[in-house]
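Residues per chain, in single letters:
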Amino acid sequence: MTVLCVGEMMAELALAGDGTARMGFGGDTFNTAVYLSRLGQPTRYLTVFGDDPWSDAARRLLASEGVDDCASPVAAGRTLGLYAIRTSAAGERSFTYWREAAPARGLLGEFFNPDVAKAFLSAQMVYLSGITLWLYDEPSLERLFHLLKEARSVGAQIAFDGNYRPRLWGQSTDITRRVYARMLAMTDICCATFEDEALLWGDADAASSHRRLAAMGVGEVVVKCGPDGALTAPDRLVPTLRNPAPVDTTAAGDSFNAAYLDARLRGEDPFLAA
């Protein structure tokens, strides 16, 4: 597989204004995996599924999108995580999660096996996010960082989207910053979002975020700036070509990441990729 995306795929309830809900599936790295596959990149998704009907439906969806999930363990007696999403009139969304007992949290712990390790070592690129990091306990994070180091040693690139969510990590940023700093030190391509970076690190502007991420060891940085475009260097903004009023911003950053990484894998320079 060209790209291995690691994280959690969840059942999604999209709430409508009339009190009804539409059932689907979501998750940041899952979204990017689907978009990468649609762009023609051979893509694998690595998580843990339950043996419930929602997990079966999720795997059918991945198969229909051409995303391989053969290395993902199946946990007997466990069910897929769930979240509900509300979208405002301005297109912004808010989330409510039921995922504390989701099997994906045990990928590098109780459900770890040799196939999971092989998936890391057979990828040209490994992609994960700050939400992926949140899933794992301390021993699992140690195993993750070891696997990423091994993957890099055999030629894989590591791509990371900070995707910081204070509601998941809690009010104190000390632990979050420590975990992110370790991750960034082994990241080859970081697709950051200025709003998230400002929340976690207190950056004054996107250029400051770009400089800090590079100083923390990231080889290549692109900072997404919402309607303004994206920075590929502290002084190089790629503007949006058109800017319609958003209807729903769900997965906007995930789709940008897929397009950017696909272009880079095909040899485009960072500016053209953005």
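All figures in this text were calculated on a predicted structure; none of them were measured in a lab. (Residues numbered from 1 in each chain as written. Predicted model: local features only at pLDDT ≥ 70, side-chain atom pairs only at ≥ 80, totals over all residues. Heavy atoms only, no water.)

**Considerations on unusual backbone geometry**
Stated formally: Counting from the N terminus, the helices are DSSP H or I runs at least four residues long and the strands are E runs at least two residues long.
The phi torsion at Asn 163 lies on the positive side, around 35°, for a residue other than glycine. Following the sequence through the fold, Asn 163 ends up in the loop between β10 (157–161) and α6 (166–169).

**Overview of the packing of helix α3 (residues 114–121) against helix α5 (residues 138–153)**
Counted only if it meets this: Interaxial angles span 0 to 180 degrees and are taken between N-to-C directions of axes, which are lines fitted to C-alpha atoms, for helices over the stretch in contact. Orientation is classified from the angle alone, with under 35 degrees giving roughly parallel, over 145 giving roughly antiparallel, 65 to 115 giving roughly perpendicular, and any other angle giving oblique. Contact between two residues is taken to exist if any of their heavy atoms lie within 4.5 Å; hydrogens are not considered. Amino acids outside the nonpolar list (Ala, Val, Leu, Ile, Met, Phe, Trp, Tyr, Cys, Pro) and the charged list (Asp, Glu, Lys, Arg) are all regarded as polar, and Gly is one of them.
Where α3 contacts α5, the two axes come as close as 8 Å, and the packing angle between them is 40°. With respect to α5, the element α3 is oriented oblique. Here α3 contributes Ala 117, Phe 120 and Leu 121 to the contact with α5, which in turn contributes Leu 144, Leu 147, Leu 148, Glu 150 and Ala 151. Considered class by class, the residues forming the contact of α3 with α5 number seven nonpolar, no polar and one charged.

**Digging into the sheet that holds strand β1 (residues 3–6)**
Basically, it comes down to this: A strand pair is defined by DSSP finding two or more bridges across the two strands.
Sheet architecture is open: eight strands sit in the order β4-β1-β9-β10-β11-β12-β13-β14, paired in mixed fashion. On the outer flanks of this sheet lie β4 (43–46) and β14 (236–238), each paired with one strand and no other. Shown here is a sheet whose adjacent strand axes are inclined to one another by a mean of 20°, direction ignored. As judged from the two bridges shared by β10 and strand β11 (residues 189–193), these two strands associate in the parallel manner. Counted as the bridge partner of Phe 160 is Cys 190 from β11. Each of β1, β4 and β9 (125–129) touches helix α1 (residues 28–38); the most contacted strand, β4, lies at about 165° to it. Set on the sheet, helix α8 (residues 194–201) makes contact with β11 and β12 (220–224); between it and β11 the angle comes to about 85°.

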